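Given next are the chains, with one letter for each unit.
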Amino acid sequence: MSAIDPTVAAVLAEAQRAPSAHNAQPWRLVALGDDTVELHYDHLDYLPFDPDDRDAYLALGAYYETLSLAAQRHGRRSHISLRFTRSGSDLHVGDISVRPATAADGPADPLAGPATDRHTNRLRYDRSPVPAALAADLTGLGNVLVEPRAIARLVAQASVLSWQDRRFVTDLRRWTHADPATPAGMTPEGLALTRTEWAALRVAFRAGHLPASVARAYASRDVRLLRQSVGVCVLGAPSLSPADLFDAGRRLLRSWVTIGGAGWASHPISIAVDRPETAPQVAALAGVAVPVAVYRIGHPTASVPRSNRRPLQETLRA
Ligand SMILES: Cc1cc2nc3c(=O)[nH]c(=O)nc-3n(C[C@H](O)[C@H](O)[C@H](O)COP(=O)(O)O)c2cc1C
């Protein structure tokens, strides 16, 4: 493995804070030189219930955007040459270089600073209306603000279907751990679960799937949070192609950093776009070609602890 320049290593370490579904952190790196890495994704090491790899490409786009903003905090600029070449279970996503900024690059991106504090907040938000300037920024990034009650109905339908589906419960079980120090995946604290909710989740893990009547009870929490929301965003993409999803992941990250930078919070609730039964209805509601993410936004009532990450060394492949 080539030795990585210390500043580039610092950029890569900060890029580990990127968001990913279930906090699975599916990015893998191979050092090519002191300032260049290959970005990879392993299909075997992620989500069995991500059939079109939507969440994987979104996470990889969000990873690269997080890295790009980190590079700018260090007086660097990054560049990616996308490849998307598959060999077996491995996907070579692209090659990333991180070089010193020059005068021609202009000032650093204004989102570079706020990106350090990006996080998901799954608590209740207050009822402050979405500021017009924030709504305009989100629209500019390809989000559509939709009626919360309409999306809550679709999430209820998708959630009941998902809890009856073994693949969904298997994914959740694989990535949810009681140990608060787990470096990847979700914890009950991170998911903001009460003790009763965590106990109920473990019952579902043991059962493998749930009957419709019980599934409705499990769905109720996200549905309630959505109904109470002052804002729900749907992010659209032109298609499910790897390049379009990767670009959508970059816009998703910029959306969440923009929200956090304005002192607001965000909470993705992907289930309605994960299910083929409800995704077309989300598309129709938002008027987008392909809906790739749904998330509620609001003014937070309390802060949440930071989620864990793998150390950079565990992401680097020989
Ligand atoms: C593509 C994508 C889909 C996600 N879907 C959900 C979701 O359905 N429900 C949820 O609670 N969090 C969801 N998340 C948030 C992740 O769980 C979260 O980013 C991760 O646990 C890391 O935590 P952090 O965002 O606080 O850094 C999603 C994140 C991404 C990037």
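Residues numbered from 1 in each chain as written. Predicted model: local features only at pLDDT ≥ 70, side-chain atom pairs only at ≥ 80, totals over all residues.

## Some words on the domain arrangement of the chain
This is how it is decided: The domain limits used here are those given by an automatic or database domain assignment. With C-beta atoms placed from the backbone, a contact is any residue pair whose C-beta atoms sit within 7 Å. Only DSSP runs of H or I with at least four residues qualify as helices, and only runs of E with at least two residues qualify as strands; both kinds are numbered from the N terminus onward. Basically, the charged four are Asp, Glu, Lys and Arg, the nonpolar ten are Ala, Val, Leu, Ile, Met, Phe, Trp, Tyr, Cys and Pro, and anything else, Gly included, counts as polar.
Partitioning the chain into domains gives domain 1 (6–118) and domain 2 (125–300). Taking the mean C-alpha position of each, domain 1 and domain 2 sit 23 Å from one another. Between domain 1 and domain 2, the contact holds 26 residues from the first and 28 residues from the second. Of all the secondary-structure elements, those providing two or more residues to the side of domain 1 that touches domain 2 are helix H2 (54–73) and strand E3 (76–87). At 10 residues, H2 tops the list of elements feeding residues into the side of domain 1 that touches domain 2. Of the residues contributing to the side of domain 1 that touches domain 2, the split by class is 16 nonpolar, five polar and five charged.

## So, the environment of Leu82
By the element assignment, Leu82 lies in strand E3. For the pair formed by Leu82 and Ile96, sequence separation is 14 residues and the distance between their alpha carbons is 8.7 Å.

## Focus: the pairing of E3
The condition is simple: Paired strands are those between which DSSP finds at least two bridges.
Examined bridge by bridge, E3 and strand E4 (residues 90–100) share 10 bridges and lie antiparallel to one another. Along E4, the bridge assignment pairs Arg76 with Pro100. Once E3 ends, the chain turns through two residues before running back antiparallel as E4, passing Gly88 with a positive phi of about 65°.

## Observations concerning the packing of helix H1 (residues 6–15) against H2
The description of two packed helices rests on the angle between their axes and on the distance between the axes. Where we set the bar: To obtain an axis, a line is fitted to C-alpha atoms, over the contacting stretch when the element is a helix, and the angle between two such axes runs from 0 to 180 degrees between their N-to-C directions. Roughly parallel means an angle under 35 degrees; roughly antiparallel means over 145; roughly perpendicular covers 65 to 115; every other angle is labelled oblique. What makes a crossing left-handed is the near helix being turned counterclockwise from the far one by less than a right angle; a clockwise turn instead makes it right-handed.
Two elements in contact, H1 and H2, have axes separated by 8 Å at closest approach and are oriented at 135°. The angle between H1 and H2 falls in the class oblique. The chirality of how H1 crosses H2 is right-handed. Contacts from Val11, Glu14 and Ala15 of H1 reach H2 at Tyr63, Thr66, Leu67, Ala70 and Ala71.

## Side note on unusual backbone geometry
We apply this condition: Labels follow a simple rule on C-beta atoms placed from the backbone: if 20 or more others lie within 10 Å of a residue's own, it is buried; if 12 or fewer, it is exposed; otherwise it is partly exposed.
Positive phi is not limited to glycine here, since His22 has a value of about 60°. Along the chain, His22 falls in the loop between H1 and strand E1 (27–33). Positive phi, close to 55°, is recorded for Phe84, a residue that is not glycine. For Phe84, a count of 15 C-beta atoms within 10 Å translates into the label partly exposed.

## Focus: the site of the ligand
Just so we agree on the cut-off: For each residue, a C-beta position is placed from the backbone atoms; the residue is near a molecule or strand when that point lies within 6 Å of it.
The immediate surroundings of the ligand are formed by 19 residues, with Pro19, Asn23, His119, Thr120 and Ser270 found nearest. With four residues, the single largest contributor to the shell around the ligand is H2. A breakdown of the residues in the shell around the ligand according to their chemical character gives 10 nonpolar, seven polar and two charged. Counting contributing residues, the shell around the ligand receives three or more from each of domain 1 (6–118) and domain 2 (125–300).

## Some words on helix H7 (residues 212–227)
Our working definition: For a helix, the expected span equals 1.5 Å multiplied by the number of residues minus one. Bend, at a single residue, is the angle you get between axes fitted to the 7 residues ending at that residue and the 7 residues starting at it.
The first and last C-alpha atoms of H7 sit 21 Å apart over 16 residues, in line with the 22 Å expected at 1.5 Å per residue. Of all the bends in H7, the largest measures some 40° and sits at Ser220. Those residues of H7 that fall on the buried side of the exposure criterion are Ala215, Ala219, Asp222, Val223, Leu225 and Leu226. Looking at the packing, one finds that the buried side of H7 touches helix H4 (148–163), strand E7 (231–237) and strand E9 (290–300).

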